[in-house]
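Results of the structural survey
The residues making up each chain are set out below.
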Amino acid sequence: SERSFFADFVFRSPKKATGKSQKEITDVLLWFDDLLIAVEVKAMGGEEINEDAIKPWAQKRIKKALKQINGAKRFLFKNTGTALLSNERRGKIEFSAVDTTEFHGLVVLDHPPVDYHPSELVPEISDVDFPLHIMTLIDYRNACAEFTTVPDFLDYLVNRQQLLKGQPVEVGRE
């Protein structure tokens, strides 16, 4: 994300600013004007990689990522939590989502190619109250190469969501 979008908008490992332990909110937070995209990245590694293992692995990681993104949204919006953000360009920032009007979740999965519909593995995806996007690392990299600004990438995500509304989206077919 940092290479594809302006470094100003990408914050890795944002932390909760409350409490003694500064717990991570999400893997990456993309903040642009009144938009937040919480990104969870899950990589297959160390496990024995065979085609039969990929779908159960993906199911488990998508469920975990969904829980983490829901937690990030709950912390940032319902609790009016303050997050500590930092990146090389902007330094450290205390952030509150008070003026944020749009929220998306993005799950990026790094695993060998295999065809599946995330919504068939994790039916709870249809219950989320925000746009949730699930794609492979390869598709994410391709999208970032094609859409090099945050507004372009957001337009892509919004159009992708509207075009595929109600249809299961197969991972690896961007």
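Residues numbered from 1 in each chain as written. Predicted model: local features only at pLDDT ≥ 70, side-chain atom pairs only at ≥ 80, totals over all residues. Heavy atoms only, no water.

**So, the pattern of salt bridges**
Definition in use: Each salt bridge in this description consists of a side-chain nitrogen of Lys or Arg and a carboxyl oxygen of Asp or Glu lying within 4 Å of one another. Residue burial is assigned from relative accessible area. The probe radius is 1.4 Å, only protein chains are included, and a residue is buried under 20% of its type maximum, exposed over 50%, and partly exposed in between. Put simply, DSSP marks the helices as runs of H or I at least four residues long and the strands as runs of E at least two long, and each gets a number from the N terminus on.
Enumeration over the complete set of coordinates arrives at 2 salt bridges. Put simply, Glu40 and Lys42 hold a salt bridge, and the shortest N to O gap is 3.3 Å. Judged on exposure class, the residue Glu40 and its partner Lys42 are both buried. A salt bridge links Asp129 to Lys73, with the nearest nitrogen and oxygen atoms 3.2 Å apart. One end of the pair, Asp129, is in the loop between helix H2 (118–121) and strand S8 (132–136); the other, Lys73, is in helix H1 (residues 51–78), with 56 residues separating them in the sequence. A relative accessible area of 17% places Lys73 in the buried class.

**So, the sheet that holds strand S7 (residues 102–110)**
Note the threshold: Paired strands, in this sense, are two strands between which DSSP finds at least two bridges. Axes here mean lines fitted to C-alpha atoms, for a helix over just the part in contact, with angles spanning 0 to 180 degrees between N-to-C directions.
Taken in spatial order, the 5 strands line up as S1-S3-S4-S7-S8 in an open sheet, and their pairing is mixed. Two strands bound the open sheet, and with one partner strand each, they are strand S1 (10–12) and S8. If you compare each strand with its neighbour and ignore which way they point, the axes differ by 20° on average. By the bridge criterion, 9 bridges tie strand S4 (residues 35–43) to S7 in an arrangement that is parallel. Bridge assignment links Ala38 to a residue of S7, and that residue is Gly105.

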